[in-house]
Amino acid sequence: MAYILALDQGTTSSRALIFDHAGTVRAVAQQEFGQIFPRPGWVEHDATEIWATQSGVLHEALAKAGLGIADIAAIGITNQRETTVLWDRATGHPLANAIVWQDRRTAQYCDELRAAGHAGPIAAKTGLVVDAYFSGTKLKWLLDHLPGARERAARGELAFGTIDSWLIWNLSGGRTHVTDASNASRTMLFNLHTGRWDDELLALFDIPRAVLPEVVPSSGVCAEARLAGVTVPIAGIAGDQQAALFGQACHSPGLAKNTYGTGCFLLLNTGSQAVASANNLLTTVAWLRDGRIDYALEGSVFIGGAVVQWLRDGLKIVRSAAEIEALAASVPDNGGVYLVPAFAGLGAPHWDAYARGSIFGLTRGATSGHVARAALEAIAFQSADVLAAMEKDAHLTLRELRVDGGATANNLLMQFQADLLGVPVVRPRVLETTALGAGYLAGLAVGYWKDASDVAANWQVDRVFEPAMTRDHAESLRASWHKAVARSKDWA
């Protein structure tokens, strides 16, 4: 019996999962890696450490499942998006640390782009707002600041890639330099409508075409991994949020999912239509398969589950993330306390790089329980704001929200999310939807699964959270939240 191997390279850890034909997890291995903060607002990763941890968990997962690499039918890759690596093609060594999606060092350059009138044309071509979040300005920064890098890139000596490209380069022994359309659409260099790198954008950012990877389908054999003398097809690639959309079986227009990870990412499938947002959301490639691009509307919340990590590691009011639910449940409500976790600015629909984290409504009666509850509620408030913008753009009312990610195990959070939205929140039985989506894209390419309906049949509900709060109360809470957000903006 053959299996599918999914590599899930995230912001704080590298993971490998092995799935069988029913979409059941047969083994999982995970390893955290270092977070580097050279200056306030800067976030970096050691790309060499990323590869080392990803390679390590790959072999660990196989060992846990009692399998060899020859038992793997295909490999799917999903990755933290926008994180930017620049490496030497001859040696395979990175020229500098990877610049992480959370990094804000190019915020001032983005201000200059907007002031020069480039925001509209960039949005029309790429579906993105001008923000330091995306890879294009990060790559420009590396080419500007590393001596001789731009000239070397123009000569074809250097390779740029997001983490998917970096992993495939290493898995293939330096033979293959590719990315898929979903990751390419997060660079600010890719034209959504032509499906190609855009020459005018490359000229604007002064980026040589020779440094870019080839854009390939999200589902299709694009490379061969060479492991222990065995070659295995790499047949699926998708950015983590697009992979989760596919893994949640949101294969048709009008279906939406929210992933609660380090950040929160709400995606709505819009099918063959690239819906332009009038409400500061992103238009993005969902996936490219069977010769067709499907699109999605996306809202990105920069700090989701990371606020729980901050309570654990920064404030030290809990010893583990799992303790947060009990602490938050120790009080009946937030006691008027609102926490805006704008540690890296605010994402959709605000896009304020200069907002900063803040807590409002503190009194002498406020306890660690109120702060914990306010932190959890902030995750739901931010997601509700994104969904409201999404419904306006797509001219529809969502019937349900499918959820995944580590924080969905928190029943208090999921119930509060349903209460705020006024629609059911549906948690699937298998929460590993990001890795599963990458696995499905790979398996479909090699015939392991027959078609999209074949994989959709694997999707099963674990629990449905029905809204229980009155709409008046929900709107009152959201009004107070919006007051707190307004006070957090433009701080730095």
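It should be noted that the structure appears before, not after, this text.
Summarised in this report is the structure supplied together with it. The structure displayed is predicted, hence computed values, not measured ones. (Residues numbered from 1 in each chain as written. Predicted model: local features only at pLDDT ≥ 70, side-chain atom pairs only at ≥ 80, totals over all residues. Heavy atoms only, no water.)

## Digging into the overall build of the protein chain
- In terms of helices and strands, the protein chain carries 16 helices and 23 strands.
- A globule of 492 residues ought to have a C-alpha radius of gyration of about 23 Å, and the protein chain, at 21 Å, matches this closely.
- Taking the principal axes of its C-alpha atoms as reference, the protein chain extends roughly 60 × 55 × 45 Å.
- Expressed as a percentage of the 492 residues in the protein chain, the buried residues total 60%.
- Residue pairs in contact within the protein chain that sit at least 24 positions apart in sequence constitute 72% of those at least 6 positions apart.
- Accessible surface for the protein chain amounts to roughly 17,900 Å². Of this, 51% is attributable to carbon and sulfur atoms. (Helix = DSSP H or I, 4+ residues; strand = E, 2+ residues; numbered from the N terminus. Rg over C-alpha atoms; globule rule 2.2 N^0.38 Å. Buried < 20%, exposed > 50% of the residue type's maximum accessible area, 1.4 Å probe, protein only. Contact = heavy atoms within 4.5 Å. Areas by Shrake-Rupley, 256 points an atom, 1.4 Å probe, with all protein chains shown as cover.)

## Things to note about the packing of helix α9 (residues 240-247) against helix α14 (residues 433-445)
- α14 packs onto α9 with a crossing angle of 75° between their chain directions and a minimal axis gap of 7 Å. Judged on the interaxial angle alone, α14 and α9 are roughly perpendicular. Counting all contacts with α9, which are made through Asp240, Ala243, Ala244, Phe246 and Gly247, the residues of α14 involved are Thr433, Thr434, Leu436, Gly437, Ala438, Tyr440, Leu441 and Leu444.
- Counted by class, the contact of α9 with α14 contains eight nonpolar, four polar and one charged residues. (Axes fitted to C-alpha atoms, helices over the stretch in contact; angles between N-to-C directions. Parallel < 35°, antiparallel > 145°, perpendicular 65-115°, else oblique. Nonpolar A, V, L, I, M, F, W, Y, C, P; charged D, E, K, R; others polar.)

## Description of the environment of Asn458
- Mapping Asn458 onto the fold places it in the loop between α15 (452-456) and β23 (461-465).
- Sequence separation of Asn458 and Leu376 is 82 residues, and the distance between their C-alpha atoms is 30 Å.
- Asn458 has contacts with His21, Ala22, Gly23, Tyr440 and Trp449, leaving out every residue within four places of it along the chain.

## What to know about the packing of helix α12 (residues 368-394) against helix α16 (residues 471-488)
- The contact between α12 and α16 brings their axes to 11 Å, and the two run at 95°. By the angle class used here, α12 and α16 are roughly perpendicular. Contacts between α12 and α16 pair Ala378, Phe381, Gln382, Ala384, Asp385 and Ala388 from the former with Leu477, Arg478, Trp481 and His482 from the latter.
- Here the contact of α12 with α16 is composed, by residue class, of six nonpolar, two polar and two charged.

## Describing the packing of aromatic side chains
- By the definition in use, this model includes 20 aromatic pairs.
- Taken together, a centroid distance of 6.3 Å and an interplanar angle of 40° make the contact between Phe134 and Trp351 tilted. Pair noted here: Phe134 is in the loop between α3 (119-126) and α4 (135-145) and Trp351 is in the loop between β19 (338-340) and β20 (358-360), with a separation of 217 residues, a long-range link. Each member of the pair Phe134 and Trp351 is classed as buried.
- Every member of this aromatic cluster is reached through a ring pair, and the members are Trp101, Tyr133, Phe134, Phe265, Phe302 and Trp351.
- Between the NZ or CZ atom of Arg105 and the centre of the ring of Trp42, over which it lies, the distance is 3.8 Å.
- Here Arg402 stacks its cationic end above the ring of Trp459, 3.9 Å away from the centre of that ring. (Phe/Tyr/Trp six-rings, centres within 6.5 Å; stacked < 30°, edge-to-face > 60°. Lys NZ or Arg CZ within 6 Å of the ring centre and 35° of its normal.)

## Some words on the sheet that holds strand β16 (residues 264-271)
- Judged by pairing direction, the sheet is mixed, and its seven strands sit side by side in the order β17-β18-β16-β15-β21-β22-β23 without closing on themselves. Either end of the sheet is taken by a strand with one partner, and the two such strands are β17 (282-289) and β23. Looking at each pair of strands side by side, their axes are set apart by 30° on average, direction ignored.
- When β16 meets strand β18 (residues 292-301), the two strands line up antiparallel, connected through seven bridges. Paired with Leu266 across the two strands is Gly299, which belongs to β18. (Pairing = 2+ DSSP bridges.)

## Topic: the sheet that holds strand β14 (residues 230-239)
- Taken together, the six strands give an open sheet; going across it, the order is β3-β2-β1-β5-β14-β13, and neighbouring strands pair in mixed fashion. The two strands at the open ends of the sheet, each matched to only one other strand, are β3 (25-32) and β13 (219-227). Each neighbouring strand pair of the sheet contributes to a mean axis angle of 25°, computed without reference to strand direction.
- Two elements, strand β1 (residues 3-9) and strand β5 (residues 72-79), share seven bridges in a ladder whose sense is parallel. Within β5, the residue paired with Ala6 across the bridge is Gly76.
- Those strands touched by helix α1 (residues 47-65) are β1, β2 (13-19), β3, β5 and β13, and its axis lies near 30° from that of β2.

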